[in-house]
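An overview of the molecular structure
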Amino acid sequence: MNHSTEIILTIAGIVLVHGLIFYFLTRKSRLIKGKHVVVTGGSSGIGLWAAIECVRLGAHVTIIARNVPLLEKAKEELEKRRVRDTQLIQYRSVDVAKSYETVEQALDELERTVAPIHMLINCAGMAICGTLEDTSIDDARKLMDVNYFGTYYPTRYVLPKLKAAGDGIIVITASQAALMGIYGYGAYAASKFALRGLAETIAMEARHRGVSVTLALPADTDTPGFENENRSKPEETKIISGSGGLAKPEHVGRRLVQDALKGSFFSIMGLESWVLSILCVGMAPWRGPLLCFVQFYLLGPLRLIGLALQWNFQRIIKNCAKQRQRP
């Protein structure tokens, strides 16, 4: 390599580094102060804490769920976090998985009485665990209704309105199970994989119209839903999914909102989630030069780590099978 080539490469490196620094210093979060945010599944868990973060940022917030006593309790909690007296905090009891007409009627009434929806945070969901043959057909259909259609219906309503306005944010809460199939999560993972496909499609369809989409990929989180989920978990699933620890819903909810306001496609927490998001990035939308650079150089080495993890999962499954066979 001659001297002039070294100088050119050095200058190119300096320009690249300064460009990346400028990019991250000038990247700003979008503001939701005074805007209307709707959170489905907002009566507890991640949804409640996402709503709390939006209230803290000055938004008008409406939480949606089915259980009225829980909604009333959540509304009281949100009202304590008001930063402005003029902030509107309210709830609606709606089964977002029932039908599109039900959701359409509820959200239309909200927009007429409050304001157009600027940000939709889909947190309604549930988990039923079990091997594929142990999961009933009714439970598999219920998971798809709640997890997929419970997100699809509200998103279908707000998307054309946000496109017409040329601005808006949609958050779709999936799971790490949207990145890889896990023992005991067959029907659940299928519904979450569907959400990833939905998010990637909307991102492609709506980005040029000013609408951003964030796909939240939380690991196991300490919520009431997680307690119910554990009742049906096979031992193999508990061991495999438990390796990532248990996140706090307040941390996940806050991170989800902050990532969405920055326009990030993936919203993740923790090293395990970060590794999985790199490994499974596929055709996910572009999110800055630095992240793409990291993905390019780490995909190969992380693939080896992924294979090691798969080997370990198979070892766990075989050991559990042996334990059950012992008298």
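Here the structure is a predicted model, which means the values were calculated and not measured. (Residues numbered from 1 in each chain as written. Predicted model: local features only at pLDDT ≥ 70, side-chain atom pairs only at ≥ 80, totals over all residues. Heavy atoms only, no water.)

1. Description of the packing of aromatic side chains
All told, the structure shown has 10 aromatic pairs when counted by the stated rule. Ring centres of Tyr152 and Tyr153 lie 6.1 Å apart, and the angle between their planes is 65 degrees; this geometry places the pair in the edge-to-face category. Measuring from ring centre to ring centre gives 5.3 Å for Tyr185 and Tyr188, while their planes differ by 40 degrees; the resulting arrangement is tilted. Residue class for Tyr185 comes out buried when judged on its relative accessible area of 4%. In textbook terms, an aromatic cluster arises when at least three aromatic residues are bridged by ring pairs, as seen for Tyr100, Tyr148, Phe149, Tyr152 and Tyr153. (Phe/Tyr/Trp six-rings, centres within 6.5 Å; stacked < 30°, edge-to-face > 60°. Buried < 20%, exposed > 50% of the residue type's maximum accessible area, 1.4 Å probe, protein only.)

2. Quick word on the packing of helix α2 (residues 45–56) against helix α9 (residues 249–262)
Relative orientation of the contacting elements α2 and α9 amounts to 55 degrees, with a least axis distance of 7 Å. Taken together, α2 and α9 sit at an angle that is classed as oblique. Relative to α9, α2 is oriented so that their crossing is right-handed. Two secondary-structure elements touch here, α2 through Gly45, Ile46, Trp49, Ala50, Glu53, Cys54 and Arg56 and α9 through Pro249, Glu250, Val252, Gly253, Arg254, Leu256, Val257 and Gln258. Partitioned by chemical class, the residues of the contact of α2 with α9 number 8 nonpolar, 3 polar and 4 charged. (Axes fitted to C-alpha atoms, helices over the stretch in contact; angles between N-to-C directions. Helix = DSSP H or I, 4+ residues; strand = E, 2+ residues; numbered from the N terminus. Parallel < 35°, antiparallel > 145°, perpendicular 65-115°, else oblique. Left-handed = near helix turned anticlockwise from the far one by under 90°. Contact = heavy atoms within 4.5 Å. Nonpolar A, V, L, I, M, F, W, Y, C, P; charged D, E, K, R; others polar.)

3. What to know about the side chain of Gln90
Among the structural elements, Gln90 can be located in strand β3 (residues 89–93). According to the relative accessible area criterion, Gln90 is buried, its value standing at 16%. A distance of 3.5 Å separates a polar atom in the side chain of Gln90 from a polar atom in the side chain of Thr62. At a separation of 3.2 Å, a polar atom in the side chain of Gln90 contacts the side chain of Arg92. (Polar contact = N/O pair within 3.5 Å; in protein donor to acceptor, adjacent residues only side chain to side chain.)

Interpretation in functional terms is not warranted from these geometric data alone.
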